[in-house]
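# Reading the structure
Single-letter residue listing:
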Amino acid sequence: MTDRLGYRLKIGIVIPSTNTTVQPETDGMRPTGVTNHIGRIHIPDLPLGNDAEFETMVDAIGPDLYPCIDRVMTCKPAHLVMGMSIPTFWGGKAGSERLLARLEERAKVPVTMGSAACIAALKCFPAVKRIGLLTPYQPVGDANVARYFSDHGYEIATVHSLKRPSEVQIAHATELDIIDGFKTLAAIGVDAIVQAGTDLAAIDLAAEAERWLGIPVIAINAATYWCALRRSGIDDRVHHCGSLLALH
């Protein structure tokens, strides 16, 4: 007997309680027979106006992370997604790998994180060497994201940060904010653009940007969900979400 709706795959997704983007974006990519199950990590709507406040937010994730995993795992998903990106980049490649090991030990199922998913996505485009990064972060967050991709051998042309003022307000970034970020990065001369920050609603805009910029534009929520599906043996092509889900 299998779950009547999630008969192919149940995915647990843990996100900050302030995040309003991951749930609708992942539901928009969900193939038939796959269901998403959200666990929310309790975190206040903290200000993110400087590096110190940003680091306070990163620390605030810790106390409820494991309890959140425990809660979502009670519905018996076969795969877990870490739906908050900055912890998956923190400390570069080594820090990311340590976090993945801890999450998989807790969940007892395979875990997909945004950082590793973006590397897997970039590998679909072998010609890409030099990338631009779009984030909603402060400089300390940008530095960790850049370090992670550098650790994997990519040249970082620049990081363009929207510097959103609080957790909730990451999702308030406008279409123009995001599009201008993509254009600014492309104008520098990059092989691809990667967008970090799971509460930045960018999948549709990244898909459009690929068409008019002519380079891969990888939105982290698209990369993460794509990676979770493919690792779980789900090969469905999802259109209108960018080349990654449509072609790979």
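Shown above is the structure to which this text applies.
Here goes a summary of the coordinates provided. (Residues numbered from 1 in each chain as written. Predicted model: local features only at pLDDT ≥ 70, side-chain atom pairs only at ≥ 80, totals over all residues. Heavy atoms only, no water.)

It helps to recall that an α-helix has 3.6 residues per turn; residues three or four apart then point in one direction. Within helix α9 (residues 203-213), the full set of buried residues consists of Ile 203, Leu 205, Ala 206, Ala 207, Ala 209 and Glu 210. Looking at the buried side of α9, the elements it contacts are α1 (22-28), α8 (175-188), β8 (217-219), α10 (220-231) and α11 (243-247). Gly 214 sits one or two residues past α9 and shows a positive phi near 75°. (Buried < 20%, exposed > 50% of the residue type's maximum accessible area, 1.4 Å probe, protein only. Helix = DSSP H or I, 4+ residues; strand = E, 2+ residues; numbered from the N terminus. Contact = heavy atoms within 4.5 Å.)

The next point concerns the pairing of strand β7 (residues 192-195). A two-sided burial pattern is seen for β7, the buried positions comprising Ala 192 and Val 194 on one face and Ile 193 and Gln 195 on the other. Here strand β5 (residues 130-135) runs beside β7; their pairing, made up of four bridges, is parallel. What sits directly across from Leu 133, in β7, is Val 194. Pairing between β7 and β8: three bridges, direction parallel. Bridging from a neighbouring strand, Val 194 pairs with Ile 218 of β8. Once you follow β7 into α9 and on to β8, the crossover reads as right-handed. (Pairing = 2+ DSSP bridges. Right-handed = clockwise from strand over helix to strand, strands pointing away.)

As a further point, take the nonpolar core. Among the nonpolar cores identified, the biggest contains 85 residues, and Met 57, Leu 80, Leu 122, Ile 131, Phe 149 and Phe 182 are the most heavily contacted of them. By residue number, the principal contributor to this core is α10, which donates eight residues. (Core = buried A, V, L, I, M, F, W, Y, C linked by side-chain atoms within 4.5 Å.)

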